[in-house]
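Listed here are the chains, written in short residue letters.
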Amino acid sequence: MVRPVKRRSADPQVVKQLWNAIGHIREQKQIANIERITKYMGREYEISNRETVKQLGHAVKDGLVIETVTLGVKGAKAGVEQEGYWLVGDDPIVPLDPGGTDPTEGEDHDWYCFECHQPGEVVLCSGCHRVYHSKCLSEECKPRDSASQWYCPICQAMQRKTQPIKKKELNRMLVFVVYRMKEKQSRELSRKVSLQDHPNFPRLVHTHMDLSVMQQRAEECKFKCPEEFEAATRQILHNNLIYYGDESEYTELARVVLADCRHDLREIQLCKDCYMMSNSRNLKDWFIRPCDPPHSLVWAKMKGFGWWPAKVLQDKDGQSDVRFFGRLHQRAWITDDCIKPIDINIQQLQKKRTAAWKRAYDEVQEHQSRLEHVQTNPLSESESQGSSHSEGEDEDDEDETMQDADDSEDDVSEPEEPISSTSNGDQQELAEAVNQVSSTGEVLQPTPPATPQKASVSTVATQTRKWAAAAEGKAPSTKTKFVQTTASTAPACACHEKYNKIFSDFKERMEENHKKEKEQIEQDLTDKLKSEHDQDKREALAKAASSNKSEVEQAVKKAKEEVETSKTVDRKQMEEEHKAEISFVKRRQWCYNCEAEAMYHCCWNTSYCSVKCQQEHWHAEHKKTCRRKR
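Residues numbered from 1 in each chain as written. Predicted model: local features only at pLDDT ≥ 70, side-chain atom pairs only at ≥ 80, totals over all residues. Heavy atoms only, no water.

Let us now look at the packing of aromatic side chains. Tallied over the full model, the rule gives twelve aromatic pairs. On the basis of an interplanar angle of 70 degrees and a centroid distance of 4.7 Å, the ring pair of Tyr244 and Tyr250 is categorised as edge-to-face. With a relative accessible area of 24%, Tyr250 lands in the partly exposed category. Grouping aromatic residues by their ring pairs yields a cluster made of Phe201, Tyr243, Tyr244 and Tyr250. Just above the ring of Trp86 sits the side chain of Arg26; from NZ or CZ to the centre is 3.5 Å. (Phe/Tyr/Trp six-rings, centres within 6.5 Å; stacked < 30°, edge-to-face > 60°. Buried < 20%, exposed > 50% of the residue type's maximum accessible area, 1.4 Å probe, protein only. Lys NZ or Arg CZ within 6 Å of the ring centre and 35° of its normal.)

Encoded structure:
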């Protein structure tokens, strides 16, 4: 039968305050007795004497403070036995233990409730180190009278194993979760607490946990389910609440970390594929890739916006959590009356087709085509999804390479057209040159073009071999083979060369005539544009300086006034503090011999801090001048 056990009784925050009080009193070379401790606790933390005595007794019972009997060595209590309190490990009479180890080491379970983080009677879990108050547990999680073992809610959730994600895949996603938490939070939650700065940390915190430990466990695939990962994050909050308190900065950071963790775990439960692909930086088209199982596609409409294609992530209470297609892939909760099926006619939406809308529409079409490909070829798609998280960029590069190869093959496979004896461009120049005037002033008469001759058999064979070489990817031969034909040939026409010479002469003269004029015009335009630009620049600077001058003067005046006001306030505050310090010093008594704070009063203006100073000053000079009545 499982029964509650009282592990500790003292409040951890009050225990830390007691440690500070004992340490401060020990630094003053005094015995940390109950009077001095209660006085310090009332002055520094405003805790009553009754509460201090109660918590001190609990701390002694819990083994966090050691109670001893010490003999006084000075003053009126010299040689008198006094009850004193020491920190664990500091007592010279009662050390830690014969083995030299802390008595808190070797504990299997925590000392404080994992739910409310307070001491008291707790129930110990049989599967982990966590403990709970019976009042902090729900009815279904409370231990039964007939049960010999009891498991905490976290262990029960881990035993259910309702998570369909594989262990290796889950830990890969948990690594992303840890990275997201470490980007926002302080370094104090990512490293182990230094025992030099906090030597008593292990006496309050049973199980250490930080983000670096969680990242290492995720990289080593040690998390079995999301509940275990969330429990590790809750352990960070539990430790900070116990050691630093509820109002500490570290505790607030731990709360933010826990909220981020729960948000990411919910996203993983909604769709593991979306979470994994969205965090993979090398996947630019992650949103249009189909998930397993695929999301429903709808047209959704937000208030003030038109109909937009989106994916449905979850439905709840007449609303749908959707994520929109487009560049930003934003999310929103949309009511069911603002959602329409994706197969509706686009003309009924009455949506203005902007560039962003067209981009979103192209994305949803691409997503639908990939989804159809998945349904027809499930095996190939599953293989591609298995390697998409690590080889996204490689696949894109391979697609581009294959596309370039296909284009190059198309270019090679198409043979060039055979070139005729007179090209179309030459014929057009010939027609235009008929009406031109030569340099000698003569009018050229058009000459009929020569009748094209039939190519011989050997010429056709040579051209055929060129096409075949081009189809095989070889460069065609540049040698020209002249074949003498048996047919009679007409004399070649020289009109083409004559007209080309006339046009080239005319072009050279025109370019020479207009070259100087063109350079002069360009120079004039350049100088004009430069002068206009300089003038506009000077005017803009002058206008900006005049408009900002008054604002600068007002800002300078306001800053001077604020500085003067701040100086006056600081001066008054320093004067008040100085007066308060002087008044405090005047109200104290000081040793006439060593000028330390005095404890023993001798006469009207003479006091001492110890018997030693009194004896030295008495024999030196005060014996002659003492006014104390004897």
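Alright, that's what it looks like, and here's the rest.
By the definition in use, this model includes 18 salt bridges. For Glu115, the salt bridge goes to Arg234, with nearest N and O atoms at 3.3 Å. With Glu115 in the loop between strand S3 (81-87) and strand S4 (120-124) and Arg234 in helix H8 (residues 226-243), this residue pair connects regions lying 119 residues apart in the sequence. Salt bridges sharing partners connect three or more residues here, namely Asp285, Arg289, Glu366 and Arg370. (Salt bridge = Lys/Arg side-chain N within 4 Å of Asp/Glu carboxyl O. Helix = DSSP H or I, 4+ residues; strand = E, 2+ residues; numbered from the N terminus.)

Moving on to the sheet that holds strand S9 (residues 331-335). The sheet built from five strands is open, its strands ordered S9-S8-S7-S6-S10 with antiparallel pairing. Across the chains shown, the open sheet's two edge strands, defined by having one partner strand only, are S9 and strand S10 (339-341). Taking the axes of each pair of neighbouring strands and ignoring which way they run, one obtains an average angle of 50 degrees across the sheet. By the bridge criterion, six bridges tie strand S6 (residues 296-301) to strand S7 (residues 307-316) in an arrangement that is antiparallel. The residue bridging Ser296 from the neighbouring strand is Val312, located in S7. Of the strands in this sheet, S6 and S7 are in contact with helix H11 (residues 355-376), which crosses S7 at around 55 degrees. (Pairing = 2+ DSSP bridges. Axes fitted to C-alpha atoms, helices over the stretch in contact; angles between N-to-C directions. Contact = heavy atoms within 4.5 Å.)

Once that is clear, we can look at a negative patch on the surface. On the surface, Asp505, Glu508, Glu511 and Glu512 cluster together to form a negatively charged patch. Classification of Glu512 by relative accessible area gives exposed; the value is 60%. (Patch = residues over 30% accessible without salt bridge, like charges linked within 9 Å, V, L, I, M, F, W, Y side chains within 5 Å. Areas by Shrake-Rupley, 256 points an atom, 1.4 Å probe, with all protein chains shown as cover. Lys, Arg positive; Asp, Glu negative; His and termini not counted. Charge placed at Lys NZ, Arg CZ, Asp CG, Glu CD.)

Before going further, it helps to spend a moment on the packing of helix H1 (residues 12-27) against helix H2 (residues 34-45). Packed helices, taken two at a time, are described by their axes: the angle between them and the distance between them. It is the contact of H1 with H2, at a shortest axis distance of 10 Å, that shows an interaxial angle of 115 degrees. The interaxial crossing formed by H1 with H2 has right-handed handedness. For the pair H1 and H2, contact is made by Val14, Gln17, Leu18, Asn20, Ala21, Ile22, His24 and Ile25 and by Arg36, Ile37, Tyr40, Met41 and Tyr45, respectively. When the residues that make up the contact of H1 with H2 are grouped by side-chain class, the tally is nine nonpolar, three polar and one charged. (Left-handed = near helix turned anticlockwise from the far one by under 90°. Nonpolar A, V, L, I, M, F, W, Y, C, P; charged D, E, K, R; others polar.)

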